[in-house]
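# Structural characterization, general
For reference, the chains in residue letters:
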Amino acid sequence: MGKITHIDPKKTALLTIDLQNDFLHPEGAYGRAGQGAEAITALPDRIAPLRDALRDKGGIYISAQFTLVPGPGGEPLIAPHLKQLRPFLGKGDFAPGEFGHQLVDELQPADYTVEKVAYSAFYQTRLEYILNALGIELLLIGGIVTNGGVASTLRDAHQRNFDTVLLTDGCAAFKREVHDATLVSLGSLGAQMTCNDTIALLEASK
């Protein structure tokens, strides 16, 4: 669907997916396990100016954060497929209130934080309630990973009749070819723009 030509900031929210210390910080769960990608660690500094521009115009910033709920004894309640895929995840990782669960410093604080337990930020969360209560119609979506939480959230937003802008350089995957392929696959569901182009459009808004 390409670009959009106008943004009403007061009806717009920036929504980032999983930009947390356990994913991005060297001392987080993924950093300790040697799992990471430069494209991912570059995201907060690229997204922060867009967050500021949107707030200056009266919009809001929502951070959706992956959560592993601690079970008996503190071991996380973790889906079997995820445990197989990421065997290094353990006690304290992505746990509410812990350092690793927190939004990265470069983007703190969010106006609203949504804990999520699956790929989509809509699944069994309060996100839709917040958006409807605030009269939000347009979501600017970024974060990680493009083919996981970002794609799932964008598809669920589309199902709920929210307009979307997928921030093409405001999201990333562990492999560039996977990121690029996902952008193509999501092309029919909403607009796709860079962070800088979105800022320019915001600054032109009345």
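An account of the accompanying structure is given in this report.

What counts as what
Residues numbered from 1 in each chain as written. Predicted model: local features only at pLDDT ≥ 70, side-chain atom pairs only at ≥ 80, totals over all residues. Heavy atoms only, no water. Helix = DSSP H or I, 4+ residues; strand = E, 2+ residues; numbered from the N terminus. Rg over C-alpha atoms; globule rule 2.2 N^0.38 Å. Buried < 20%, exposed > 50% of the residue type's maximum accessible area, 1.4 Å probe, protein only. Contact = heavy atoms within 4.5 Å. Areas by Shrake-Rupley, 256 points an atom, 1.4 Å probe, with all protein chains shown as cover. Lys, Arg positive; Asp, Glu negative; His and termini not counted. Charge placed at Lys NZ, Arg CZ, Asp CG, Glu CD. Polar contact = N/O pair within 3.5 Å; in protein donor to acceptor, adjacent residues only side chain to side chain. Core = buried A, V, L, I, M, F, W, Y, C linked by side-chain atoms within 4.5 Å.

## A look at the overall build of the protein
Per the secondary structure count, the protein includes 9 helices and 6 strands. Against the globule reference of 17 Å for 206 residues, the protein gives a C-alpha radius of gyration of 16 Å, in line with a compact fold. Overall, the C-alpha framework of the protein stretches about 55 × 35 × 30 Å when taken along its three principal axes. For the protein, the proportion of its 206 residues judged to be buried stands at 50%. A fraction of 78% describes how many contacts in the protein between residues 6 or more apart in sequence connect residues 24 or more apart. Working note: accessible area of the protein is about 9,800 Å², and carbon and sulfur atoms make up 51% of it. Positive and negative side-chain charges of the protein, numbering 18 and 24 respectively, have mean locations separated by a distance of 3 Å.

## Focus on the side chain of threonine 12
Here threonine 12 is to be found in strand S1 (residues 12–17). With a relative accessible area of 1%, threonine 12 lands in the buried category. There is a polar contact of 2.7 Å between the side chain of threonine 12 and the backbone oxygen of aspartate 8. Sequence-distant contacts of threonine 12, that is, excluding residues within four places in its chain, are made with Ile7, Leu54, Gly59, Ile60, Ile136, Leu138 and Leu140.

## So, the environment of leucine 15
With respect to the element layout, leucine 15 can be found in strand S1. Placed 112 residues apart in sequence, leucine 15 and leucine 127 show a C-alpha to C-alpha distance of 9.9 Å.

## Some details on the nonpolar core
One finds Leu14, Leu19, Leu50, Phe94, Leu107, Leu140 and Ile144 to be the most contacted residues of the largest nonpolar core, which totals 39 residues. Listing elements by their share of this core, those giving two or more residues are helix H1 (21–24), helix H2 (29–32), helix H4 (43–56), strand S2 (60–66), strand S4 (138–144), strand S5 (163–172), strand S6 (191–193) and helix H9 (195–204). The element that contributes the greatest number of residues to this core is H4, accounting for 6 residues. Ignoring any residue separated from it by four or fewer positions in sequence, one finds leucine 19 in contact with Leu24, Leu43, Ile47, Gln102, Leu103, Val104, Leu107, Gly143 and Ile144. Grouped together as the second largest cluster of nonpolar side chains are 25 residues, Ala121, Leu154, Cys171 and Leu189 included.

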